[in-house]
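If you want the building blocks of each chain, they are given just below.
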Amino acid sequence: MKLFECQHCGQLLYFENTRCERCGHVLGYLPDREILSALTSEGGGRWYPLAAPEEPFGFCANAAGSPLPTSPAARQTGSSPL
Ligand SMILES: [Zn+2]
């Protein structure tokens with residue numbers, strides 16, 4: 001199992017973690033860097049990884065437990081249309 005470290009507090013993190021259990025930072029996976037990074041919110045739905053603050057982070061549509069409001073494209077309601 002691959003382990004990561006919170007860039008904010010050094011807490012040991014698992015790939016399955018969506019939030020740092022110590023400092024509460026939301027976590028996101030950066031596939032191009034193959035690291036899990038703590039994210040800081042700049043508002044407006046924009047997130048910046050502490051590991052790469054120059055690269056705005058966007059949650060992918062299938063990210064489970066996404067803290068962001070789902071966009072219309074990503075929304076998957078189970079309700080039937082009227
Ligand atoms: Zn942390």
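Predicted, not measured: the structure shown is a model, and the values here were computed from it.

Visitor: Hey, could you run me through the overall build of the chain in this one?
Guide: From N to C terminus, the chain includes zero helices and five strands. Along the chain, from the amino end to the carboxyl end, the secondary structure elements read β-β-β-β-β. In the chain, of all internal contacts separated by at least 6 residues, the share reaching a separation of at least 24 is 14%.

Visitor: Explain the sheet that holds strand β5 (residues 46–49) to me, please; I cannot follow it from the model alone.
Guide: Paired through their backbone hydrogen bonds, the strands of a sheet run either parallel or antiparallel. A sheet is described by the order of its strands in space; here three strands give the open sequence β3-β4-β5, paired in antiparallel fashion. Each of the sheet's edge strands pairs with one partner strand only, and the pair in question is β3 (26–30) and β5. Each strand axis lies, on average, 50 degrees off the axis of its neighbour in the sheet, ignoring direction.

The rules we used
- Residues numbered from 1 in each chain as written.
- Predicted model: local features only at pLDDT ≥ 70, side-chain atom pairs only at ≥ 80, totals over all residues.
- Helix = DSSP H or I, 4+ residues; strand = E, 2+ residues; numbered from the N terminus.
- Contact = placed C-beta atoms within 7 Å.
- Pairing = 2+ DSSP bridges.
- Axes fitted to C-alpha atoms, helices over the stretch in contact; angles between N-to-C directions.

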